[in-house]
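# Structure assessment
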Amino acid sequence: MDFSPLQSARFAYAPKLPAILRGSIDKVTAVKGSAAEPEEDRDRLRSTFPRTYGLPAVTLSAGDNPGIRKAMKIGVILSGGPAPGGHNVIAGIFDGLKSANPASTLYGFRGGPGGLVDDKFMDIDASLVDRYRNTGGFDLIGSGRTKIETPEQFEAALETAKRRKLDAVVVVGGDDSNTNAALLAEFFAAKGAPIAVVGVPKTIDGDLKNEAIETSFGFDTATKVYSELIGNIARDAASSRKYWHFIKLMGRSASHIALECAFQTRPNVCLISEEIEAQKMSLGQVIDQVVRSVVIRAEKGENFGVVLIPEGLIEFVPEVKFLIGEINDILSAKEHEFKALSSFVDHKAFILERLTEPSAALFESLPQGIQEQLLWDRDPHGNVQVSRIETEKLVVEMTKLRLKDLGLAGAYRGKFDYQTHFFGYEGRCGFPSNFDADYCYSLGYTAFALAASGLTGYLSSVRNLTAPAEAWIAGGVPLVSMMNMERRHGSDKPVIKKALVELDGAPFKEFASMRASWAESSDYRLPGGIQYFGPPELTDKPTATLLLERAAARKQG
Ligand code: FBP
């Protein structure tokens, strides 16, 4: 294979582990704390998870543990969208497993959870792992979004685990995949199968976090990749002085990615979906945030700028959410009549006749391209796929209209030209930063130690992440303790709570204190590319989000 120089250099990088995992593995034992219970819905969760409810959180500590050296078979699954560092999770599990007992085996289930159901697996050996260490992607075994939910799928997963004589399954995924891991752990326990299920917190979105999980892996690298691109664009904007750049950023519902990139680059505007929803802003009020900056900057002759837009924005504008709901209802009730019409003009008239007055007015006010996307882009269940709506173009179009009105009223004399961008896939398979390389390797090693200690229904946890790696604290958090009940597809389901941006949290407050000056200034911050070699202040710095959150947590004691 033709490896690039950086690939080859990264293969040789030795990820840093917490001190507890640096010595002999049979001197590492899982010390149990007190029972960890969920914050809400305790009775319902206890009855859904009778065998895995109320487990204690555990910390890996020094202590004799000769049992950890038994020969084991572990199966690993990568689930959902890729996130930088996934291969290091596999390397961490592999190295832990082999250091404990060279006769142990690691299987990779191919293509996500479906690989476990369908028994599609591969043997992972040392030469294979060595070709993926410290590099991005999930391609070593592949990933997928299959959800194990039917009784037949659970039975098939158990059959595979028995056929392969597995002692443990490690599920690397986000909130939904780890919810699935919790259900699988409970199912195996209910069937009396001594097969541990351990999760690993993954997602670039950064929304799988809580008191015990300080961040999900991949967020660090992905935001650094996007921030480099945004910084470069900002510099281009300030050099060419002719475009406003509207940049949509991945992240699904949560705005963590946009917020982190804002800290790194200081754009003129960064919209935060959670604030828009909390303040029940109309689309017009959202656009006002952009227009204010465009107008102020035009007065100084600065007809350029940068606007960051979180991917999920549109779902958080209450009136748009309501409009989408109404369109969904109309189209599911009148699908055949709607499909019999062929032109956009007819489709639009059909919808307008049936919408409530405020929704019809809002629909009419949207640019035609967005109107079309709201009617056409539907998934097999009849839902509008909001992530495919070009929100960045919607914001541009509405900004243009508002500036035109302001121009006619004599309140704006600038020149508005623009470019739109969407950054998402660019960041999901980047070479993991040192932080993600170290964190993922530690998470994998910890997942092995939990599984080898016979613990099931846990999420691998590595904490104290703003300290040097040797001071990191490794352990496990019971999956059920992070759950609550939520309404999904018409019924209450247990799910791991998604962490959205908290408006009273340290990162948002810091952002809110600075954004007014960013709106006017062209003093963009230029983070540059991720540095893999060099002094630690260049290579190992975690995200601003993590630094701010940990500092606030320390203050609270
Ligand atoms: P996960 O939650 O699986 O980690 O996925 C993250 C993500 O990149 C989101 O930011 C984005 O909305 C989604 O995946 C895109 O999904 P797909 O890869 O199916 O296009």
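Below or above, wherever it landed, is the structure these notes cover.

Analysis parameters
Residues numbered from 1 in each chain as written. Predicted model: local features only at pLDDT ≥ 70, side-chain atom pairs only at ≥ 80, totals over all residues. Heavy atoms only, no water. Helix = DSSP H or I, 4+ residues; strand = E, 2+ residues; numbered from the N terminus. Buried < 20%, exposed > 50% of the residue type's maximum accessible area, 1.4 Å probe, protein only. Contact = heavy atoms within 4.5 Å. Areas by Shrake-Rupley, 256 points an atom, 1.4 Å probe, with all protein chains shown as cover. Lys, Arg positive; Asp, Glu negative; His and termini not counted. Charge placed at Lys NZ, Arg CZ, Asp CG, Glu CD. Expected span 1.5 Å × (residues − 1). Pairing = 2+ DSSP bridges. Axes fitted to C-alpha atoms, helices over the stretch in contact; angles between N-to-C directions. Near = heavy atom within 4 Å. Polar contact = N/O pair within 3.5 Å; in protein donor to acceptor, adjacent residues only side chain to side chain. Nonpolar A, V, L, I, M, F, W, Y, C, P; charged D, E, K, R; others polar. Parallel < 35°, antiparallel > 145°, perpendicular 65-115°, else oblique. Left-handed = near helix turned anticlockwise from the far one by under 90°. Core = buried A, V, L, I, M, F, W, Y, C linked by side-chain atoms within 4.5 Å. Phe/Tyr/Trp six-rings, centres within 6.5 Å; stacked < 30°, edge-to-face > 60°. Lys NZ or Arg CZ within 6 Å of the ring centre and 35° of its normal. Disulfide = S-S within 2.5 Å. Salt bridge = Lys/Arg side-chain N within 4 Å of Asp/Glu carboxyl O.

## Structural notes on the overall build of the protein
The helix and strand inventory of the protein stands at 23 helices and 16 strands. Taking all 557 residues of the protein together, 56% fall into the buried category. Of all intrachain contacts in the protein linking residues separated by at least 6 positions in sequence, the fraction that spans at least 24 positions is 78%. On the protein, roughly 23,000 Å² of surface is accessible, and the fraction owed to carbon and sulfur atoms is 51%. In the protein, 64 positive and 70 negative side-chain charges are present, and the distance between their average locations comes to 3 Å.

## Some thoughts on helix α18 (residues 391–408)
Counting along an α-helix, one turn takes 3.6 residues, and residues three or four places apart therefore face a common direction. Spanning 18 residues, α18 covers 26 Å between terminal C-alpha atoms, matching the ideal 26 Å at 1.5 Å per step. Turning to α18, its buried residues are Thr391, Glu392, Leu394, Val395, Val396, Met398, Thr399 and Leu403. Buried residues along α18 sit in contact with β9 (244–249), α11 (283–299), β11 (305–310), α12 (313–316), α17 (368–376) and β12 (418–423).

## Description of the sheet that holds β12
The four strands are arranged β10-β11-β9-β12 in an open sheet whose pairing can be described as parallel. Every interior strand has two partners, whereas the edge strands, β10 (269–270) and β12, have only one. As paired strands, β9 and β11 are joined by six bridges and run parallel to one another. Residue pairing for β11: phenylalanine 246 is matched across the bridge by valine 307. Across the sheet, helix α8 (residues 219–240) is in contact with β9, β11 and β12; its angle to β9 comes to roughly 170°.

## Remarks on the site of the ligand
Taken together, 13 residues are adjacent to the ligand, and Gly81, Asp205, Glu311, Tyr425 and Arg428 come closest. For the ligand, an oxygen atom lies 2.8 Å from a polar atom in the side chain of glutamate 311. A distance of 2.9 Å separates an oxygen atom of the ligand from a polar side-chain atom of arginine 428. The fraction of the free accessible surface of the ligand (480 Å²) that becomes covered by protein chains is 79%. Of the residues belonging to the shell around the ligand, the class tally is three nonpolar, four polar and six charged.

## What to know about the environment of serine 513
Note that serine 513 resides in helix α21 (residues 506–520). At 2.7 Å, the side chain of serine 513 forms a polar contact with the backbone oxygen of glutamate 510.

## Observations regarding the packing of helix α9 (residues 256–265) against α21
Their axes nearest at 11 Å, the elements α9 and α21 cross at an angle of 50°. With respect to their mutual orientation, α9 and α21 come out oblique. Pair α9 / α21 crosses with left-handed handedness. Facing α9, whose interface residues are Leu259, Ala262 and Phe263, α21 presents Pro507, Phe508, Glu510, Phe511, Met514 and Trp518. The class makeup of the residues in the contact of α9 with α21 is eight nonpolar, no polar and one charged.

## Some remarks on the side chain of threonine 215
With respect to the element layout, threonine 215 can be found in the loop between β8 (196–201) and α8. Excluding residues within four positions of it along the chain, threonine 215 makes contact with Leu208, Lys209, Phe435, Tyr439, Leu465 and Leu546.

## Quick word on the nonpolar core
Ranked by size, the top nonpolar core spans 86 residues in total, and within it Ile74, Ile124, Phe217, Tyr226, Leu249 and Phe448 carry the most contacts. No other element matches helix α20 (residues 434–452), which puts 12 residues into this core. With sequence-adjacent residues up to four places away left out, leucine 249 is seen in contact with Tyr226, Ile230, Ile257, Ala258, Cys261, Leu308, Ile309, Pro310, Glu311, Phe422 and Phe423.

## Structural notes on the pairing of β11
Counting buried positions along β11 yields six of six residues, so the element is predominantly enclosed. Going residue by residue along β11, you find Gly305, Val307 and Ile309 tucked away on one face and Val306, Leu308 and Pro310 tucked away on the opposite face as well. Here β10 pairs with β11 via two bridges, running parallel. What sits directly across from cysteine 270, in β11, is leucine 308.

## Examining the packing of aromatic side chains
In the structure shown here, the tally under the stated rule is 15 aromatic pairs. Ring centres 6.1 Å apart and planes at 75° place the aromatic pair phenylalanine 246 and phenylalanine 416 in the edge-to-face group. Taken together, the residues span a long stretch of sequence, with phenylalanine 246 in strand β9 and phenylalanine 416 in the loop between α18 and β12 at a distance of 170 residues. For phenylalanine 246, a relative accessible area of 0% translates into the label buried. When its relative accessible area of 17% is taken as the criterion, phenylalanine 416 is described as buried. Here phenylalanine 508 and phenylalanine 511 contribute two aromatic rings whose centre-to-centre distance is 5.9 Å and whose plane-to-plane angle is 55°, an arrangement assigned as tilted. Separated by three residues within a single helix, phenylalanine 508 and phenylalanine 511 lie in helix α21, roughly one turn from each other. Grouping residues by exposure puts phenylalanine 508 and phenylalanine 511 together as buried. If you follow arginine 10 out to its NZ or CZ, it ends over the ring of tyrosine 13, 4.3 Å from the centre.

## What about the state of the cysteines?
Taken as a whole and judged by the stated rule, the model has zero disulfides. Lacking any disulfide linkage, cysteine 261 is separated from the closest cysteine sulfur, that of cysteine 270, by 8.2 Å. Cysteine cysteine 440 shares no disulfide, and the gap to the nearest cysteine sulfur, in cysteine 429, comes to 12 Å.

## Considering unusual backbone geometry
Unusually for a residue other than glycine, aspartate 41 sits at a positive phi of about 55°. Here aspartate 41 lies in the loop between β1 (28–35) and α2 (42–48). Of note, the phi angle at arginine 241 is positive, near 55°, even though the residue is not glycine. Since its relative accessible area comes to 41%, arginine 241 is described here as partly exposed.

## Here's the deal with the pattern of salt bridges
Using the criterion set out here, one finds 35 salt bridges in the structure. Aspartate 119 is paired through a salt bridge with arginine 163; the nearest N and O atoms lie 2.8 Å apart. Here arginine 163 lies in helix α6 (residues 151–163) and aspartate 119 lies in the loop between α4 (113–117) and β5 (121–124), a separation of 44 residues in the sequence. Judged by its relative accessible area of 46%, arginine 163 is partly exposed. Its salt-bridge partner being aspartate 205, residue arginine 252 comes within 3.8 Å of it at the nearest N-O pair. Remark: aspartate 205 occurs in the loop between β8 and α8 and arginine 252 occurs in the loop between β9 and α9; sequence separation between them is 47 residues. Classification of arginine 252 as partly exposed rests on a relative accessible area of 42%. Using a relative accessible area of 8% as the deciding quantity, one classes aspartate 205 as buried. Connected through shared salt-bridge partners, Glu37, Arg42, Asp43 and Arg46 make up one network.

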